[in-house]
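Summary of the model geometry
Take a look at the letters that make up each chain.
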Amino acid sequence: MKKDAKIYVAGHRGLVGAAITRQLESQGFSNVITRTHAELDLCDQAAVRDFFAAEKPEYVILAAGKVGGIHANNTYPAEFIYENIMIEANVIDAAYRNNVQRLLFLGSSCIYPRHAEQPMREETLLTGELESTNEPYALAKIAGIKMCESYNRQYGTDYRSVMPTNLYGQGDNFHPENSHVIPALIRRFHEARLRGDKEVVVWGTGNARREFLHVDDMAAASLFVLQLDNATYKANTQAMLSQINIGTGADCTIREMAETVKRVVGFEGELIFDDSKPDGPPRKLLDVSRIKAMGWEHAISLEEGLASTFEWFKANEGRFRA
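These remarks concern the structure in this document.

Thresholds applied
- Residues numbered from 1 in each chain as written.
- Predicted model: local features only at pLDDT ≥ 70, side-chain atom pairs only at ≥ 80, totals over all residues.
- Heavy atoms only, no water.
- Helix = DSSP H or I, 4+ residues; strand = E, 2+ residues; numbered from the N terminus.
- Rg over C-alpha atoms; globule rule 2.2 N^0.38 Å.
- Buried < 20%, exposed > 50% of the residue type's maximum accessible area, 1.4 Å probe, protein only.
- Contact = heavy atoms within 4.5 Å.
- Areas by Shrake-Rupley, 256 points an atom, 1.4 Å probe, with all protein chains shown as cover.
- Lys, Arg positive; Asp, Glu negative; His and termini not counted.
- Charge placed at Lys NZ, Arg CZ, Asp CG, Glu CD.
- Expected span 1.5 Å × (residues − 1).
- Arc of directions from axis to C-beta.
- Salt bridge = Lys/Arg side-chain N within 4 Å of Asp/Glu carboxyl O.
- Pairing = 2+ DSSP bridges.
- Axes fitted to C-alpha atoms, helices over the stretch in contact; angles between N-to-C directions.
- Left-handed = near helix turned anticlockwise from the far one by under 90°.
- Nonpolar A, V, L, I, M, F, W, Y, C, P; charged D, E, K, R; others polar.
- Phe/Tyr/Trp six-rings, centres within 6.5 Å; stacked < 30°, edge-to-face > 60°.
- Lys NZ or Arg CZ within 6 Å of the ring centre and 35° of its normal.

Right, let's get into the overall build of the protein. A tally of regular secondary structure across the protein gives 11 helices and 13 strands. Over its C-alpha trace the protein gives a radius of gyration of 19 Å, about what one expects of a compact globule, namely 20 Å for 322 residues. With respect to the three principal axes, the spread of C-alpha positions in the protein is 60 × 40 × 40 Å. Taking all 322 residues of the protein together, 53% fall into the buried category. Considering only residue pairs separated by 6 or more positions, the protein has 82% of its internal contacts joining residues 24 or more positions apart. Surface accessibility of the protein: about 14100 Å² in total, with carbon and sulfur atoms responsible for 47%. Both charge centroids of the protein, one from 36 positive and one from 43 negative side chains, sit 2 Å from each other.

Right under this line is the structure:
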């Protein structure tokens, strides 16, 4: 990719999109295009087609979508499936109609079956039942992968998909109910420490295992895959099973992660686990041998990443106050 290549980042204000935009700029890419939701509603097919026809981006990174944790997925299932499918369909089709050279679609590890063999290989896609708490979101992301593959198959396009594990980091959503587990706990522990609380309650048993990847590592992996030459990409993927897992290759229990957050934040009270709340899948660990074989590995440890995320949260705490 040339440094002046016209690159459209859809979802540049989100956690991953913002990290990718920062990384593009740090790598010297000088022609990055962005639009806020107010400027371009990606669920509006006519607006998306007009935008692509006017701007003619050479590369597209599709990081836009509706995201959230277990509570949000359970509360807004219709919004999760509708908005994500509409965004994917509109952007991918407009990219084809306007001769985009390469597109990168960002999915999620929730696409894999609830009881997939661990670590989850790309080949386990569509081999079993999905986790019920986020099935609508997972189905939308699977549709995005299959849309990329179908356009490649029929039209000879170069659309690629990456599936990140659980992400966290600078720019995350720290809403106390609708956020993912790490930002929710960072805020909860921080506010509990300031109030002098004696305990903090965490959803679930604490026994579920999760893999966590810092968003800056995800951004680096995304640009790595986007810039792979065609021969390397095709040699390591399959035409109709082309997604690439992105993660650390290691996991921990929610209890272990919560104890690390507690230590990083400096909360000295007790951890209470509410086992009346859902755990979600018992384990979610990605097999990342495919991307490792291509030459990429993560660089940021969990404790290091949590510490930098907490510092960012404190510096931006005002924006998260109700």
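Glancing now at helix α11 (residues 302-315). Across its 14 residues, α11 extends 20 Å between first and last C-alpha, which sits within 8% of the 20 Å expected from 1.5 Å per residue. Taken together, the buried positions of α11 are Gly-305, Leu-306, Thr-309, Phe-310, Trp-312 and Phe-313. In a view along the axis of α11, the buried residues occupy a sector of 160°, so they form one face of it. Buried positions along α11 lie against β6 (166-168), α6 (181-195), β9 (212-214) and α9 (254-265).

Another point: α9. The end-to-end C-alpha distance of α9 is 16 Å, a good match for the 16 Å that 12 residues give at a rise of 1.5 Å each. What α9 keeps buried is the set Ile-254, Met-257, Ala-258, Thr-260, Val-261, Val-264 and Val-265. For α9, the angular spread of buried residues about the axis comes to 160°, placing them on one side. One or two positions beyond α9, positive phi appears at Gly-266, with a value near 90°.

For the structure shown, the criterion picks out 19 salt bridges. Its salt-bridge partner being Glu-55, residue Lys-6 comes within 3.3 Å of it at the nearest N-O pair. Residue Lys-6 is found in the segment before β1 (7-10), and its partner Glu-55 is found in helix α2 (residues 45-55); the two are separated by 49 residues along the sequence. A salt bridge links Asp-251 to Arg-209; the shortest N-O distance between them is 3.1 Å.

Quick look at the sheet that holds strand β13 (residues 283-284) now. Pairing in this open sheet of 3 strands is mixed, and the strands run β11-β8-β13 from one edge to the other. A single partner strand is all that each edge strand has here, and the edge strands are β11 (252-253) and β13. When strand β8 (residues 209-210) meets β13, the two strands line up parallel, connected through 2 bridges. Bridge pairing in β13 places Arg-210 opposite Lys-284.

With that out of the way, let us pick up unusual backbone geometry. Where the residue is not glycine, phi is negative for most of them; where a peptide bond is considered, it is trans in most cases. Here the residue pair Gln-118 and Pro-119 is connected by a cis peptide bond, since its omega of -10° sits within 30 degrees of zero. Of note, Pro-119 is situated in the loop between β4 (102-106) and α5 (135-155).

Bringing the packing of α2 against helix α4 (residues 77-97) into the picture now. Between α2 and α4, the least distance of the axes is 9 Å, while the angle of their chain directions is 35°. Judged by the sense of rotation from one axis to the other, the crossing of α2 with α4 is right-handed. Counted together, Gln-45, Val-48, Arg-49 and Phe-52 of α2 and Asn-90, Val-91, Asp-93, Ala-94, Ala-95 and Arg-97 of α4 form the full contact between these two elements. Residue classes in the contact of α2 with α4 are distributed as 5 nonpolar, 2 polar and 3 charged.

Relative to the elements of secondary structure, Gly-269 occurs in the loop between α9 and β12 (270-274). In this structure the C-alpha to C-alpha distance between Gly-269 and Glu-83, which are 186 residues apart in sequence, comes to 40 Å. Setting aside residues no more than four positions away along its own chain, Gly-269 makes contact with Lys-198 and Lys-262.

All right, on to the sheet that holds strand β2 (residues 32-33) then. Sheet architecture is open: 6 strands sit in the order β2-β1-β3-β4-β5-β10, paired in parallel fashion. The open sheet has two edge strands, β2 and β10 (244-246), and neither has a second partner. As judged from the 3 bridges shared by strand β5 (residues 159-164) and β10, these two strands associate in the parallel manner. Of the residues in β10, the one forming a bridge with Pro-164 is Ile-246. Lying over the sheet, helix α1 (residues 15-26) contacts β1, β2, β3 (59-62) and β4, oriented at roughly 155° with respect to β1.

Per the stated rule, a full pass over the model turns up 10 aromatic pairs. Judged by centre distance (5.7 Å) and plane angle (75°), the rings of Tyr-96 and Tyr-151 are edge-to-face. You can see Tyr-96 sitting in helix α4 and its partner Tyr-151 sitting in helix α5, a full 55 residues away along the chain. On the basis of relative accessible area, Tyr-96 is assigned to the partly exposed category, the value being 30%. On the numbers, 5.5 Å between centres and 45° between planes, the contact of Phe-189 with Phe-267 is tilted. Within this pair, whereas Phe-189 is found in helix α6, its partner Phe-267 is found in the loop between α9 and β12, the two being separated by 78 residues in sequence. Accessibility assignment for this pair places Phe-189 and Phe-267 in one class, buried. Seen from the ring of Phe-29, Lys-3 lies directly overhead, with NZ or CZ sitting 4.3 Å from the centre. The ring centre of Phe-80 lies 5.4 Å from the NZ or CZ of Lys-66, which sits over that ring.

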